Amino acid sequence: MAIKTEICIDSYAGAKIAADLGYTSVEINSALDLGGLTPSLGLVREICNNLKIEKNCMLRPRGGGFCYTASEYETMLADLDILCKEKIDGIVFGFLTADYHVDIARTAEMITRIHQAGLKAIFHRAFDNTIDPKQAIETLIQLRADRLLTSGQAGTAIEGADLLAKLQAEYGQEIELVAGAGVKAKNALQLLQKTKVNYIHSSCRVKATDVTSKLNVSYAIYNDYPTNYLCTDYNSAEALRAVVADYQS
């Protein structure tokens, strides 16, 4: 089976790198420094109108966890209605309860609405903070989620490779598993060989500089690198695609 590849991006430039290099899909976000939030409508439209690549939009109203207030949930539903009118392919989302289980009611409603719009329902790495991964993935399958992005409940996909392999072997025919977190050219081969997943997800990021982040006051994102922000790196993305191509040859 062909290996699929995805880059999570928060700029048009990042999406264009993915499209130019032949990636399968992009996950469209804002604020990747916060783990990815709902993107602006302008960015979504620019990508949809100009790039030929599968487009999946993050639906996340804030940073932090995934147990949202009623008003945050209503905002997500409103954003969903807006995004579903665009030329996208999937919605990326996740809901947990305060006791670390998949929020069944909200997840079921979200999947129903996404499918009614003819889009893929993709549950993100909120899964990695569930207390029982077997129960969680079986819940998502029962609710008809199409895809699950996970690191195998670890800081990186390599560290979670054992669980990823188990999930792929037991559930890979029922839900499409995407391995993400810390995936790079230097470890992708090991990850693919060990887990047998057919889809990998990477940010392919590099530090860029904006000197106006600091002068009289600081707008720094990172205290150790006060003028840096992260953006998609062509060379990293190209190297990862080359590893995948070699693996399939």
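Everything quoted here is computed from the prediction, not taken from an experiment. (Residues numbered from 1 in each chain as written. Predicted model: local features only at pLDDT ≥ 70, side-chain atom pairs only at ≥ 80, totals over all residues. Heavy atoms only, no water.)

Draft legend 1. Spotlight on the packing of aromatic side chains. As enumerated under the stated definition, the model contains four aromatic pairs in all. The interplanar angle of 90° and the centroid separation of 6.0 Å between the aromatic rings of Y68 and F95 together place this pair among those described as edge-to-face. Of the two residues, Y68 is situated in the loop between β3 (54-58) and α3 (70-83) and F95 in the loop between β4 (90-93) and α4 (104-116); the sequence distance between them amounts to 27 residues. Take F95: its relative accessible area is 0%, and that puts it in the buried class. Ring plane angle 80° and centroid distance 5.7 Å describe the contact between F93 and F123, whose orientation is recorded as edge-to-face. Of this pair, F93 sits in strand β4 while F123 sits in strand β5 (residues 120-123), and the two are 30 residues apart along the sequence. In terms of burial, F93 and F123 fall into one category: buried. Feature note: the residues Y68, Y73, F93, F95 and F123 constitute an aromatic cluster, connected by ring pairs. A cation sits over an aromatic face here: R106 above Y73, 4.5 Å from the ring centre. Over the ring of Y23 we find R241, and its NZ or CZ is 5.7 Å from the ring centre. (Phe/Tyr/Trp six-rings, centres within 6.5 Å; stacked < 30°, edge-to-face > 60°. Helix = DSSP H or I, 4+ residues; strand = E, 2+ residues; numbered from the N terminus. Buried < 20%, exposed > 50% of the residue type's maximum accessible area, 1.4 Å probe, protein only. Lys NZ or Arg CZ within 6 Å of the ring centre and 35° of its normal.)

Draft legend 2. Region of interest: the nonpolar core. Within the largest apolar cluster, 65 residues are counted, with the highest numbers of intra-cluster contacts made by Y23, I91, F93, M110, I137 and I200. The biggest single contributor to this core is α3, with five residues. (Core = buried A, V, L, I, M, F, W, Y, C linked by side-chain atoms within 4.5 Å.)

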